[in-house]
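# Architecture at a glance
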Amino acid sequence: MSLTSLMKRRPGWAEIGIAIALYGIYEVVRGFGGTDIPAAMLNTDRIVELEESLGVFWEKAIQDASLAIPGFDAMLGVAYMALHFAGTALFLVWAHRRRPDVFPLLRTVIVVSTALALIGYIAFPAAPPRLAGLGFHDAVSDGAGVNLSSDLLGALYNPVAAVPSLHFGYAVIVGAGLFLYASRRWVRWLGAAYPAVMLYIIVATGNHFFLDALAGGLVVAAGWWIASLLTRPGSRQVPAYA
């Protein structure tokens, strides 16, 4: 993708097609990334040890308290899947229609951050809490009925691609985008709260540690900086509409 194309806002159908193609490439690369299970389990042990040394290994307690509420595991599992895909897609549609001046930047942030995350998955394989043998419950598979280890999803899904967390990273992009560029106050505050909500969901479902999320946030910070450099020549300001 050339610099000129990054700065360009295309018709909606074209942006959707490109997004689907890029996400397909991402899933293929992620699925065929490093699957060194012993190394992944060792890295997960290191994450847990670091969190314990920092006094922030609270994930199991948070999940236990959350799943004590009847039926809450299903709600969390659905939210984990729906917000990541539908929430991010709706945000991009909003940005494309309401903030065409910053849409190229936001789209490029996602592209660059995703590319950086792929490097992390290969360089630092790590098992999520639910697969780490630490007693975590798999709220997505058991609660929402989506088996992440099924033959269908397993064809692309890499079980040890947990660091960085793009569930949290995308939530940061969506939240920051709404907070910075929406004109309605309630939308801005919704954006400010969204990353915290996603952090709770990924922890309570047993899919990520806090440090996974921190890595996702750092990847997005780097991606945003790179994207701002790539799209700066085409930036211009127009009024917000939502």
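Described below are features of the structure shown in this document. Just so you know, these numbers come straight off a predicted model, no measurement behind them.

Procedures and definitions
Residues numbered from 1 in each chain as written. Predicted model: local features only at pLDDT ≥ 70, side-chain atom pairs only at ≥ 80, totals over all residues. Heavy atoms only, no water. Helix = DSSP H or I, 4+ residues; strand = E, 2+ residues; numbered from the N terminus. Buried < 20%, exposed > 50% of the residue type's maximum accessible area, 1.4 Å probe, protein only. Contact = heavy atoms within 4.5 Å. Areas by Shrake-Rupley, 256 points an atom, 1.4 Å probe, with all protein chains shown as cover. Phe/Tyr/Trp six-rings, centres within 6.5 Å; stacked < 30°, edge-to-face > 60°. Expected span 1.5 Å × (residues − 1). Patch = residues over 30% accessible without salt bridge, like charges linked within 9 Å, V, L, I, M, F, W, Y side chains within 5 Å. Salt bridge = Lys/Arg side-chain N within 4 Å of Asp/Glu carboxyl O. Core = buried A, V, L, I, M, F, W, Y, C linked by side-chain atoms within 4.5 Å.

### Overview of the overall build of the protein
- Counting its secondary structure elements, the protein contains eleven helices and zero strands.
- Its helices and strands taken in sequence order, the protein reads α-α-α-α-α-α-α-α-α-α-α from the N to the C terminus.
- A burial count over the protein gives 45% of its 242 residues as buried.
- Pairs at least 24 residues apart make up 84% of the contacts formed inside the protein by residues separated by at least 6 positions.
- Of the roughly 11,800 Å² of accessible surface on the protein, 70% is carried by carbon and sulfur atoms.

### Section: the environment of Val174
- Here Val174 is to be found in helix H9 (residues 166-181).
- Measuring from C-alpha to C-alpha, the distance between Val174 and Leu90 comes to 9.6 Å, with 84 residues separating the pair along the chain.
- Leaving out residues up to four positions away in the same chain, Val174 has contacts with Thr88, Phe91 and Tyr194.

### So, the packing of aromatic side chains
- Applying the stated criterion across every chain yields a total of five aromatic pairs.
- Ring plane angle 80° and centroid distance 6.2 Å describe the contact between Trp58 and Phe210, whose orientation is recorded as edge-to-face. One end of the pair, Trp58, is in the loop between helix H3 (37-54) and helix H4 (59-67); the other, Phe210, is in helix H11 (residues 210-231), with 152 residues separating them in the sequence.
- Ring pairs connect the aromatic residues Phe57, Phe136 and Phe209, which therefore count as one cluster.

### Let's talk about helix H6 (residues 103-123)
- If you check H6, its first and last C-alpha atoms are 31 Å apart, about what 21 residues at 1.5 Å a residue would give, namely 30 Å.
- The element H6 is largely enclosed, with a buried count of 15 among its 21 residues.

### Focus: a nonpolar patch on the surface
- A contiguous nonpolar surface patch, about 350 Å² in accessible area, is contributed by Phe179, Leu180 and Trp189.
- For Phe179, a relative accessible area of 38% corresponds to the partly exposed category.

### Some words on the nonpolar core
- Counting 38 residues, the largest nonpolar core has Phe91, Trp94, Leu106, Ile173, Tyr181, Ile202 and Trp224 as the members making the most contacts within it.
- Elements represented by at least two residues in this core include exactly helix H5 (72-98), H6, H9, helix H10 (185-204) and H11.
- Dropping the residues within four chain positions of it, Ile202 is found in contact with Tyr80, Ser165, His167, Phe168, Asn207, His208 and Ala213.
- With eight residues, the next largest nonpolar core counts Ala126, Ala162, Val163 and Ala215 among its residues.

Nothing here speaks to function; it is geometry throughout.
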